[in-house]
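Overview (structure and organization)
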Amino acid sequence: MQPILAYILRLRLNAFARSLRSLAGRDPIGLVLALGAGVAATVFFIRNIHRLEMLIMIPMLHLALVNFIHGMRKDAQFLASLGVSCRAIFMWEYSILALPAVLLLAFSAYPQAMLLPIALSAIIASTPPFAWSHRRLMPSRQHTFFYSQKAIRHVLHRLFTWLVPPLAFEWWGGLRQRRLALIILWTGALLLAWQPFLLSVVLFFLVITPIEFYGMGEHRSMVQSLYRSPSQFLRLKIRQGFRGYAMLLTPPVMLGMAYYILQNLPSASANLLIAQVPLFLAVLVASLAVSFILASLCVVAKYAFYVEGMPFMFAVSSMVTLTLATLWHPYISIIGLSVSFSILIPKATKRLRILFS
Amino acid sequence: MTDAIPVCSPIRNKSVASGSYTIFSYMLELQNLHISYGTHIVFASVNATFREGAVHGIVGSNGKGKTTFLKAMAGMITAQSGIMLIGGEPLNTRDCALLEIEPFFYPRITGAEYLRLFQFNNPDFTGVEWNHLFALPLDDEIATYSAGMKKKLALLGIIGLKPRVMLLDEPLNSLDFDTSYLLMDTLRLLAAHGMTILLSSHIVEPLTSVCDTITWIAGEQDVQCFERSEFPTLAQKLRPGGHEEQIALVKRLLGSHRSNGGAEE
């Protein structure tokens, strides 16, 4: 390894240690609770590691984490100016991040799967970070088909304004930035709705993509100008996020449910179909409830860690990922959600109260 | 333009570019540079030449392409077409070092750790010695620095790279009065040691005291260069016109703001 590469890695590890020390000094209880939740989630993962779903879940969680970090990187140009290969740095850093996933998979029934996180790290590390040259990645939209068709553009805009309110700037910004990825994922979810396992994989990515929207920093005046009190602010933000998540998740979930019911019906009689309506409605309610929980988690995690104008992607994504990791088990998920909300809501309210005071 | 070879020449068409000047008289030469973002053209067939060991200013309004110009030279933006030469050879990005408007720093590292990074490229660079210039608290984390201190630290790093061409994007932003003068004098010394320096600014006045030439980016094809003797002409050209219409608009908006506020009350 080049000496400068080793030095940069050492710097990054030092920085991580400093962050931990500072967090321990500022919020020791929060740190202990977060570590406890992490250990609990890990223990339950290990106990169920023989299941195939877990083998997919762990690399995907690692992929989500690395993808978030990679998307926020701004050091590529700096490293280039130093004459350091940024891909080598990314590869080393993401491999270190992959260690927990590799260890978990090494003790599973399929230890070969431990190569997956490393391979995924290598793939992400070889792609240019999004923040590299944002301006270059944004060609003029004036000449694309949709933007040249005024009527289509008008209808699409009206539809989106109805689905996502204009004040939900996270969603508008995020939808513009991740337009292509979201269209592919959403269409993929609709097309794969007949395959429950593949649908769940695509839905997982649909769930984690908008978490990134909440990692952006915003100016204090943006928070203060629109709302009058912290509770009103949180309610409105959760409502906006709920509409966004419901828009993304509900159609593919309901389509998947419809396929499932049709595939499992012994005969195509009207009575049998009517008998499935309660199940269908229950899934609809569950999908909306998950949308609401996700939106609430993102919003309270964002404002619990809010620092004016600073991105806090890592805080939001780690809180949401930790909580999501508990969702595989009904009892654990209740405990996970309760612990997360009981920590995050008071923190977010306190931060916002300072902002509004 | 005078008969003598200018330090930097405005060349607006190919015949002048190829016919009048000798290539090897200049250190840095940009030929037919074309840069665009999507369909938005920033530079179309722009030519410019800069002499080595001199300080060159770049001025222009917001969005005219000052940063793009510097980033293209630093290799951070790929020009669609055009040639960049240094001493007649293709410009290598390693020859240039760019101080960005908002320099990048790894989070939670100290100033000393940051400067140490540049020693790997240039073992002769002693960050601590150079820091006597600005007296920064190098043992503190960079997050605790003010905007001006961060800029000074990044500048020390750039000096540490010892590039042939130093590109400074708005270096005077967020620097105090005293440091600005110190920086100007330092740049003159660096230029005297053979370094070519390009620095951009929105306003021309701070550049006139330090620069040998000032290039005005007036439009996508209109890049004009002014010698020291022509600075008064440039200042005249860049003198802001009357903003009567805008001022009238502000007055009208403030008036309606007040009447709305009164109505609410």
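Not measured: the values here are computed from a predicted model.

Criteria and thresholds
Residues numbered from 1 in each chain as written. Chains lettered and ligands numbered in written order. Predicted model: local features only at pLDDT ≥ 70, side-chain atom pairs only at ≥ 80, totals over all residues. Heavy atoms only, no water. Helix = DSSP H or I, 4+ residues; strand = E, 2+ residues; numbered from the N terminus. Buried < 20%, exposed > 50% of the residue type's maximum accessible area, 1.4 Å probe, protein only. Contact = heavy atoms within 4.5 Å. Areas by Shrake-Rupley, 256 points an atom, 1.4 Å probe, with all protein chains shown as cover. Salt bridge = Lys/Arg side-chain N within 4 Å of Asp/Glu carboxyl O. Buried area = accessible area lost by both parts, 1.4 Å probe. Polar contact = N/O pair within 3.5 Å; in protein donor to acceptor, adjacent residues only side chain to side chain. Nonpolar A, V, L, I, M, F, W, Y, C, P; charged D, E, K, R; others polar. Phe/Tyr/Trp six-rings, centres within 6.5 Å; stacked < 30°, edge-to-face > 60°. Lys NZ or Arg CZ within 6 Å of the ring centre and 35° of its normal. Expected span 1.5 Å × (residues − 1). Arc of directions from axis to C-beta. 1 Å grid on protein atoms, 1.4 Å probe; cavity = no way out; pocket = protein on both sides within 12 Å on 5 of 7 lines; lining within 4 Å. Points joined across faces, edges and corners; volume = space filled by probe spheres on them. Patch = residues over 30% accessible without salt bridge, like charges linked within 9 Å, V, L, I, M, F, W, Y side chains within 5 Å. Axes fitted to C-alpha atoms, helices over the stretch in contact; angles between N-to-C directions. Parallel < 35°, antiparallel > 145°, perpendicular 65-115°, else oblique. Left-handed = near helix turned anticlockwise from the far one by under 90°. Core = buried A, V, L, I, M, F, W, Y, C linked by side-chain atoms within 4.5 Å. Pairing = 2+ DSSP bridges. pLDDT = per-residue confidence, 0-100.

A word on the overall build of chain A
On a plain count of helices and strands, chain A comes out with 17 helices and zero strands. The burial tally for chain A puts 40% of its 357 residues in the buried class. Nonlocal contacts in chain A, meaning residues at least 24 apart in sequence, comprise 75% of its contacts between residues at least 6 apart. Element-wise, carbon and sulfur atoms account for 72% of the exposed surface of chain A, whose accessible area totals about 19200 Å².

Overview of the pattern of salt bridges
Residues and elements named next belong to chain A. Tallying each qualifying case throughout the model produces nine salt bridges over all chains. Here E170 and K237 are joined by a salt bridge, their closest N and O atoms 3.2 Å apart. Taken together, the residues E170 in helix 9 (residues 169-177) and K237 in helix 13 (residues 230-264) connect sequence positions 67 residues apart. Note on K237: relative accessible area 1%, which makes it buried. One connected set of salt bridges, linked through shared partners, spans R12, R73, D75 and E93.

Focus: the interface of chain A and chain B
Where interface size is quoted, it is often the accessible area lost as the parts come together. Across the boundary between the two partners, chain A contributes 24 residues, which contact 23 residues of chain B. The junction of chain A with chain B conceals about 2400 Å² of combined surface from both sides, 61% of it contributed by carbon and sulfur atoms. Connecting chain A to chain B are one salt bridge. For the salt bridge of E113 of chain B with R18 of chain A, the shortest nitrogen-to-oxygen distance reads 3.0 Å. Between chain A and chain B we count six residue pairs in polar contact (both at pLDDT 80 or more) in total. Elements supplying a minimum of two residues to the side of chain A that touches chain B: helix 1 (3-26) and helix 4 (76-81) of chain A. A total of 11 residues in the side of chain A that touches chain B trace back to one element, the largest contributor, which is helix 1 of chain A. Here the side of chain A that touches chain B is composed, by residue class, of 10 nonpolar, eight polar and six charged.

Quick notes on the packing of aromatic side chains
Counted by the stated rule, this structure contains 17 aromatic pairs over all chains. Ring centres of W171 of chain A and Y245 of chain A lie 5.5 Å apart, and the angle between their planes is 80 degrees; on these two criteria the pair is classed as edge-to-face. Separated by 74 residues along the polypeptide, W171 of chain A in helix 9 and Y245 of chain A in helix 13 bring together distant segments of the chain. On the basis of relative accessibility, which here comes to 0%, the residue W171 of chain A falls in the buried class. For Y245 of chain A, a relative accessible area of 0% puts it in the buried group. An angle of 65 degrees between the planes, with centres 5.6 Å apart, marks the rings of F43 of chain B and F69 of chain B as edge-to-face. Taken together, the positions of F43 of chain B in strand 3 (residues 40-50) and F69 of chain B in helix 2 (residues 66-74) put the pair 26 residues apart, joining distant regions of the chain. Like F69 of chain B, F43 of chain B is buried. Through successive ring pairs, a cluster of aromatic residues spans F78 of chain A together with F104, F105, Y106, Y114 and F118 of chain B. The ring of Y7 of chain A has R116 of chain B lying over it, and the distance from NZ or CZ to the ring centre is 5.2 Å.

Re helix 10 (residues 179-191) of chain A
Structural remark: α-helix, 3.6 residues per turn; residues separated by three or four positions point the same way. All names here are of chain A. Its 13 residues place the ends of helix 10 18 Å apart at the C-alpha level, agreeing with the 18 Å of an ideal helix rising 1.5 Å per residue. When we look at burial in helix 10, the residues that qualify are L182, L185, G188 and A189. Projection of helix 10 onto a plane perpendicular to its axis shows the buried side chains occupying an angular sector of 135 degrees, all on one side. Pointing more than 90 degrees away from the buried face of helix 10 are the exposed residues L180, I184 and L191. The inward-facing, buried residues of helix 10 contact helix 9, helix 11 (196-208) and helix 13.

Remarks on empty space enclosed by the protein
Tallied over the entire structure, the rule returns two cavities of 30 Å³ or more. By volume, the largest cavity is sized at about 150 Å³. Of all the elements in the fold, those that place two or more residues in the lining of the largest cavity are helix 4 of chain A together with strand 7 (96-99), helix 3 (111-119) and helix 5 (147-161) of chain B. The biggest single contributor to the lining of the largest cavity is helix 5 of chain B, with four residues. For the lining of the largest cavity, a count of residues per class yields 11 nonpolar, three polar and one charged.

Things to note about a nonpolar patch on the surface
A cluster of nonpolar side chains, contributed by L52, I56, Y110, F197 and L198 of chain A, occupies part of the molecular surface with about 450 Å² of accessible area. Relative to the helices and strands, F197 of chain A is located in helix 11.

Let's talk about the packing of helix 13 of chain A against helix 17 (residues 330-356) of chain A
Residue and element names in this part refer to chain A. The N-to-C vectors of helix 13 and helix 17 enclose an angle of 120 degrees; their axes lie 9 Å apart at closest approach. Taken together, the axes of helix 13 and helix 17 lie oblique to each other. Helix-helix and strand crossings are classified by hand; for helix 13 and helix 17 the assignment is right-handed. The residues of helix 17 that touch helix 13, namely those facing P230, F233 and L234, are T349, L352, R353 and F356. Looking at side-chain class alone, the contact of helix 13 with helix 17 contains five nonpolar, one polar and one charged residues.

Brief notes about the nonpolar core
Among the nonpolar cores identified, the biggest contains 66 residues, and Y114, L117, L153, M166 and I197 of chain B are the most heavily contacted of them. Broken down by element, the residue count for this core peaks at seven residues, all from helix 5 of chain B. Residues within four places of L117 of chain B in sequence aside, it is in contact with I4, Y7, I8, L11, F78 and L82 of chain A.

Some points on the sheet that holds strand 10 (residues 213-217) of chain B
Residues and elements named next belong to chain B. The six strands lie next to each other as 7-8-9-4-10-11, forming an open sheet whose pairing is mixed. Two strands in the sheet have a free side with no partner beyond their single neighbour: strand 7 and strand 11 (223-227). When strand polarity is set aside, the average angle formed by the axes of neighbouring strands in this sheet is 20 degrees. For strand 10 and strand 11, the ladder comprises five bridges, and the chain directions are antiparallel.

Notes on the confidence of the model for chain B
Residues and elements named next belong to chain B. Confidence along chain B averages 83 in pLDDT terms, with 86% of residues attaining 70 or more. Predicted confidence is poor over residues 1-25, with pLDDT under 50, and the contacts of this stretch with residues over four places away or in other chains come to 47 contacts. Here the prediction assigns the complex a pTM of 0.72, and the interface score ipTM is 0.74.

Notes on the pairing of strand 11 of chain B
Residue and element names in this part refer to chain B. Counting buried positions along strand 11 yields five of five residues, so the element is predominantly enclosed. Here strand 11 shows a buried face lined by V223, C225 and E227 and a second buried face lined by Q224 and F226. The loop that links strand 10 with its antiparallel partner strand 11 comprises five residues.

Some remarks on the packing of helix 3 of chain B against helix 5 of chain B
Residues and elements named next belong to chain B. Look at helix 3 against helix 5: their axes get within 8 Å of each other, and the N-to-C directions meet at 20 degrees. Viewed along their axes, helix 3 and helix 5 adopt a mutual orientation that is roughly parallel. Classified by chirality, the crossing of helix 5 by helix 3 is right-handed. Residues G111, Y114, L115 and F118 of helix 3 form the contact with helix 5, whose participating residues are L153, A154, L156, G157, G160 and L161. Tallied by class, the residues present in the contact of helix 3 with helix 5 amount to seven nonpolar, three polar and no charged.

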